[in-house]
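Each chain is listed here by its residues.
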Amino acid sequence: MKVLIVGGGGREHAIAWKVAQSKKVTKMYCAPGNAGIAELAECVPIGVMETEKLAEFAAKEKIDLTIIGPDDSLGAGVVDAFEAKGLRVFGPRKNAAIIEGSKAFSKDLMKKYHIPTAAYEVFTDAAAAIEYLKTSPYPTVLKADGLALGKGVLICNTYDEAVAGVKAIMEDKQFGSAGDKLVIEEFMTGPEVSVLAFCDGNIIKTMTSAQDHKRAKDGDRGLNTGGMGTFSPTPFYTEEVDAFCKKYIYQPTIDAMKAEGRPFVGVLFVGLMLTPNGPRVLEYNARFGDPETQVVLPRMENDIVDVFEACIDGTLDAIDLKFADNAAVCVVLASDGYPEHYEKGFPIEGLDTFKEKDGYYVFHAGTKLDNGKVVTNGGRVLGVVAVGDDLKGARANAYAATEWISFANKYKRNDIGKAIDSVQ
Ligand code: AMP
Ligand code: GLY
């Protein structure tokens, strides 16, 4: 069968790598792809927001299955555009992708269906938000309602900081129209866990757990980024936590979406905080995580195309998801200066070393081909992934593998997965 993958980051490279292992797949395309994906798929220069063009391409090439990576593409209705042409596509429709696209929607959903999350209020008016902040406890959390590239969350320690935050989001529109509405949320503490799950509209099956590192610098300092590294599984996600989440969070969310007339088909990413009072939902995403996917898929034992098809056909019940009893760590190699100013266009050396080694992977994020040579082309350049028998082994392997790669201004965090030292 012919498969199209939409996106061009490390997440899509990991998806393409996994799809390429399916015996069913004879030809793979990726739009727009990157230099790493180009080794597995034919890359086509169509942007992820060009929903009609993507659907026209899929119809013309008689693509059997399309997999959508990025949230903005889903929020723009790419799945609806494909379905309108009778094409098979994996991802939520626009009316279900709103679970990520609007924090006010997802908070109201959780409240209505009693899904555990932080207490909150929604505001459309800056003056009312500022009035509320006079009596709210601190720290407090401000969230722009819409998609803001993972940057629309401010944790404010004082009233003055919070007022400045409200003004930045609602009046100065620092995150554009994402700030038309504001959610003010109770501040919670505890380890964070990412759980990705396949959904067919009726049921949900979780993959293994993972943990991201969002801040740019060691010790969780510096600015928020798209994610500087991940590990899987996380020992904080115990069987007890899993049982709680299965009962009170995962299936209840899918049931709630169905009851609202917004059946969720695709990957639901549940961001959890394991608070002293139990697991709480921090956020939902309507897609695979980046860089969670890079550590979850190398541990998955199923043919992923079977799972995608079961989700589309509503037969996920028949799939037994299986993950290896090992661990994986991803260390992101970024351009120094990310997430602010950085240079690009530097040649990357050492990529071929990964081809000779089992259990080591390099997923491209911001790379491109320049006269046949792979060069840096973004803030997050590569995700270096290694598996191991346990997390410590996987971490040692991943860090050793980061040394195989060189490019000018290479930057990484040195403490990915360090949090596990306190529990293992
Ligand atoms: P979100 O985009 O909603 O996941 O928020 C981004 C990050 O902000 C999360 O990964 C947390 O580290 C932090 N955060 C979000 N909501 C809260 C909260 N209610 N309490 C404490 N930290 C939070
Ligand atoms: N790693 C967080 C995300 O994909 O949003």
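The model shown is predicted, which means the values in this text are computed figures rather than measured ones. (Residues numbered from 1 in each chain as written. Chains lettered and ligands numbered in written order. Predicted model: local features only at pLDDT ≥ 70, side-chain atom pairs only at ≥ 80, totals over all residues. Heavy atoms only, no water.)

Caption draft 1: Focus on the environment of Tyr342. Tracing the chain through its elements places Tyr342 in the loop between β17 (327-335) and β18 (360-364). By relative accessible area, which is 31% here, Tyr342 ends up partly exposed. The spatial distance from the C-alpha of Tyr342 to the C-alpha of Ala164 is 28 Å, given a sequence separation of 178 residues. If sequence neighbours within four positions are ignored, Tyr342 has contacts with Ser335, Asp336, Gly337, Gly378 and Gly379. (Helix = DSSP H or I, 4+ residues; strand = E, 2+ residues; numbered from the N terminus. Buried < 20%, exposed > 50% of the residue type's maximum accessible area, 1.4 Å probe, protein only. Contact = heavy atoms within 4.5 Å.)

Caption draft 2: Spotlight on the site of ligand 1. Neighbouring ligand 1 are 14 residues; Glu185, Glu186, Met188, Glu192 and Glu283 lie closest to it. Backbone polar atom of Met188 to a nitrogen atom of ligand 1: 2.8 Å apart, as the coordinates give it. At a separation of 2.4 Å, an oxygen atom of ligand 1 approaches a polar side-chain atom of Glu192. Look at ligand 1: alone it shows 470 Å² of surface, and the protein chains cover 90% of it. Looking at the shell around ligand 1, the elements with two or more residues in it are β7 (140-144), β8 (153-156), β9 (182-186) and β16 (278-285). Grouping the amino acids of the shell around ligand 1 by side-chain chemistry returns 7 nonpolar, no polar and 7 charged. (Near = heavy atom within 4 Å. Polar contact = N/O pair within 3.5 Å; in protein donor to acceptor, adjacent residues only side chain to side chain. Areas by Shrake-Rupley, 256 points an atom, 1.4 Å probe, with all protein chains shown as cover. Nonpolar A, V, L, I, M, F, W, Y, C, P; charged D, E, K, R; others polar.)

Caption draft 3: Representation of the layout of surface pockets within the structure. For the second largest pocket, the calculated volume is near 490 Å³. What lines the second largest pocket is a set of 24 residues, and nearest its centre among them are His13, Glu39, Phe354, Lys355 and Val362. Put simply, the parts of the chain that give the lining of the second largest pocket at least two residues each are α1 (10-19), β18 and β20 (373-376). At 5 residues, the largest contribution of residues to the lining of the second largest pocket is made by β18. Class assignment of the residues belonging to the lining of the second largest pocket gives a composition of 11 nonpolar, 6 polar and 7 charged. (1 Å grid on protein atoms, 1.4 Å probe; cavity = no way out; pocket = protein on both sides within 12 Å on 5 of 7 lines; lining within 4 Å. Points joined across faces, edges and corners; volume = space filled by probe spheres on them.)

Caption draft 4: Spatial organisation of the sheet that holds β8. Taken in spatial order, the 4 strands line up as β6-β9-β7-β8 in an open sheet, and their pairing is antiparallel. The two strands at the open ends of the sheet, each matched to only one other strand, are β6 (120-123) and β8. Strand-to-strand twist across the sheet, computed as the mean angle between neighbouring axes with direction ignored, equals 20°. Helix α6 (residues 103-112) contacts β6, β7, β8 and β9 of the sheet and is inclined by roughly 140° relative to β6. Across the sheet, helix α8 (residues 159-171) touches β6, β7, β8 and β9, and the angle it forms with β7 is around 5°. (Pairing = 2+ DSSP bridges. Axes fitted to C-alpha atoms, helices over the stretch in contact; angles between N-to-C directions.)

Caption draft 5: Spotlight on the site of ligand 2. Around ligand 2 sit Asp212, Gly226, Phe269, Asn285, Arg287, Gly289, Asp290, Pro291 and Glu292, and those are all the residues in its vicinity. For ligand 2, an oxygen atom lies 2.8 Å from a polar atom in the side chain of Arg287. For ligand 2, a nitrogen atom lies 2.7 Å from a polar atom in the side chain of Glu292. Starting from 200 Å² of accessible surface for ligand 2 in isolation, the protein chains cover 88%. Of the residues in the shell around ligand 2, the class split is 2 nonpolar, 3 polar and 4 charged.

Caption draft 6: Fine view of the packing of α1 against helix α11 (residues 304-313). Where α1 meets α11, the axes come as close as 8 Å, and the angle between the chain directions of the two elements is 105°. Relative to α11, the element α1 lies roughly perpendicular. Taking contact as the criterion, the partners of Ile15, Lys18 and Val19 in α1 are, on α11, Ile304, Val305 and Phe308. (Parallel < 35°, antiparallel > 145°, perpendicular 65-115°, else oblique.)

Caption draft 7: Representation of the packing of aromatic side chains within the structure. For the structure shown, the criterion picks out 14 aromatic pairs. With a centroid separation of 5.3 Å and 50° between ring planes, the pair formed by Phe123 and Tyr132 is classed as tilted. Judged by relative accessible area, Phe123 falls into the buried class, the value being 10%. With a relative accessible area of 29%, Tyr132 lands in the partly exposed category. The interplanar angle of 50° and the centroid separation of 5.0 Å between the aromatic rings of Tyr360 and Trp404 together place this pair among those described as tilted. With Tyr360 in strand β18 and Trp404 in the loop between α12 (391-402) and β22 (410-411), this residue pair connects regions lying 44 residues apart in the sequence. An aromatic cluster is built from Phe90, Phe198, Phe288 and Phe308, whose rings are joined through pairwise contacts. (Phe/Tyr/Trp six-rings, centres within 6.5 Å; stacked < 30°, edge-to-face > 60°.)

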